[in-house]
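The lines below spell out each chain.
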Amino acid sequence: MTKLSWISEEIQALKDAGRYVPIRALQSSQGAWVTIEGKKVLNLCSNNYLGYANHPEVKKAAVDAIERLGVGAGAVRSIAGTNELHLRLEEKVAKFKHMGACLTFQGGLLANSGTLPVLVGKDDIVFSEELNHASIIDGVRLSSAKRAVYKHLDTADLREQLVQHRKEGKRALIVTDGVFSMDGDIAPLPEIAELGTEFDAMVYVDDAHGEGVLGDHGRGIVDHFHLTGKVDVEMGTFSKAIGSMGGFVAGTSELVDLLKQRARPFLFSSALNPGDAAAVLKSIELMEKDDSPIKKLWENSATLKDELRKAGFDTGNSKTPITPVMTKDEKKTVELSRMLYEQEKILASPIVYPTVAQGTARIRLMPSAVHSRDDIMFAVDAFKRSGSRLGMV
Ligand SMILES: Cc1ncc(COP(=O)(O)O)c(C=O)c1O
């Protein structure tokens, strides 16, 4: 026994419980097909919805920015790390989102965990959706605000919680994922926005899986529901449809001003690299110019869902391209994923407890605009073969 032997015990416990996640390294760029362990496999796991992670114009924009500005931002934003590229990017995102202003962060996780503690504190209360992303949960914890968790997509329960607990906080905030990343269903944002007005609670939406997917030219969930001006804070990430790295918060210019004074990832962590900022700017330009990749993404996801359902698979309640194949049994789910990878050359990760509730295990498929119809049918055929071998269909 050493003072560090608890670490190997913890790892062993994770392995014994079947919750140890092995991590595979890619030897290629992101795309419809990727190379892993020297083998080309169909990639149905990444959030590269529009293919911008490897788009020639996006790559060129990043390379040009690196040539001009170097690889690192050099400092935190408030000291010497703000580049004119950051400012251009923030202006671009605010316009794209039809919001007053925007502040970029080094990632979506940091945008959430850095912003929520600025909006609420120990005298306040947060009404949080039960399936919210971990970074929202972290942000709420860091804020020390009281917390009331409401049931998934259930605005009657949210109303009930507001009636019961609103008075416990000086300020109140309702926070929800826009698109839920494990299920692909969509928050009832119009009703949530109305409840925010009725109960004097700020409304904050995490649009990580809505950007590039929902709304006019991928403007996201607020645009999708025509709620411009009715949602106080839109948070997003540049790491999914936008294809690069970073996160942002959009809201009023006063909110952004305050975040610059208080948000800890802004004040205590170095800025987004110039290459990433330039790549994001280019991706948004591409989205504004041409929405055909978004149409292709939706076409692929409709084909994938229809064909899987026809084959007897349950694809849950998804309303977006995120396609969960509800396999439920944890061991069978892990086995199906293994068979798909080893026998069928398909990368399709199992999602099991504690990422999702026990008994709701699934394989989550992420189609993209860069998959061809043949790629989608390749996956469907493989699911049929492997699913029938395991007695699932
Ligand atoms: C809903 C949601 N919010 C926030 C994040 C974090 O974004 P990022 O990867 O940019 O840190 C993710 C990514 O996993 C997400 O799915």
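As a reminder, the structure under discussion sits directly above these lines.
Residues numbered from 1 in each chain as written. Predicted model: local features only at pLDDT ≥ 70, side-chain atom pairs only at ≥ 80, totals over all residues. Heavy atoms only, no water.

Trainee: So, the packing of helix H5 (residues 108–119) against helix H6 (residues 134–143): which residues are in play, and what are the values?
Mentor: Look at H5 against H6: their axes get within 7 Å of each other, and the N-to-C directions meet at 25°. By the angle between their directions, the pair H5 and H6 is classed as roughly parallel. Crossing geometry of H5 relative to H6 is assigned as right-handed. On H6, the residues that touch Leu109, Asn112, Ser113, Leu116 and Pro117 of H5 are Ser135, Ile136, Asp138, Gly139, Val140, Leu142 and Ser143. Across the contact of H5 with H6, the residue classes break down as six nonpolar, five polar and one charged. (Axes fitted to C-alpha atoms, helices over the stretch in contact; angles between N-to-C directions. Helix = DSSP H or I, 4+ residues; strand = E, 2+ residues; numbered from the N terminus. Parallel < 35°, antiparallel > 145°, perpendicular 65-115°, else oblique. Left-handed = near helix turned anticlockwise from the far one by under 90°. Contact = heavy atoms within 4.5 Å. Nonpolar A, V, L, I, M, F, W, Y, C, P; charged D, E, K, R; others polar.)

Trainee: Explain the site of the ligand to me, and be specific about the residues and the numbers.
Mentor: Close to the ligand lie 13 residues; Gly108, Leu109, Asp206, Thr237 and Lys240 are nearest. Here an oxygen atom of the ligand sits 2.9 Å away from a polar atom, N or O, in the main chain of Leu109. One of the side-chain N or O atoms of Lys240 is found 3.0 Å from an oxygen atom in the ligand. For the ligand, the accessible surface in isolation is 390 Å², of which the surrounding protein chains cover 81%. Taken together, the residues that form the shell around the ligand break down as two nonpolar, eight polar and three charged. (Near = heavy atom within 4 Å. Polar contact = N/O pair within 3.5 Å; in protein donor to acceptor, adjacent residues only side chain to side chain. Areas by Shrake-Rupley, 256 points an atom, 1.4 Å probe, with all protein chains shown as cover.)

Trainee: Run through the nonpolar core, naming residues and quoting values.
Mentor: Leu89, Phe127, Ile174 and Leu189 are the most contacted members of the largest nonpolar core, which totals 57 residues. Of all the elements, helix H12 (residues 274–289) adds the most residues to this core, at eight residues. Residue-level mapping places this core at the junction of two domains, with at least three residues from each of domain 1 (22–54 + 292–389) and domain 2 (56–289). Among residues more than four places away in sequence, those in contact with Phe127 are Ala148, Tyr150, Leu158, Gln161, Leu162, His165, Arg166, Ala172, Leu173, Ile174 and Val175. With 23 residues, the next largest nonpolar core counts Phe105, Leu116, Val175 and Val249 among its residues. (Core = buried A, V, L, I, M, F, W, Y, C linked by side-chain atoms within 4.5 Å. Buried < 20%, exposed > 50% of the residue type's maximum accessible area, 1.4 Å probe, protein only. Domains from an automatic or database assignment.)

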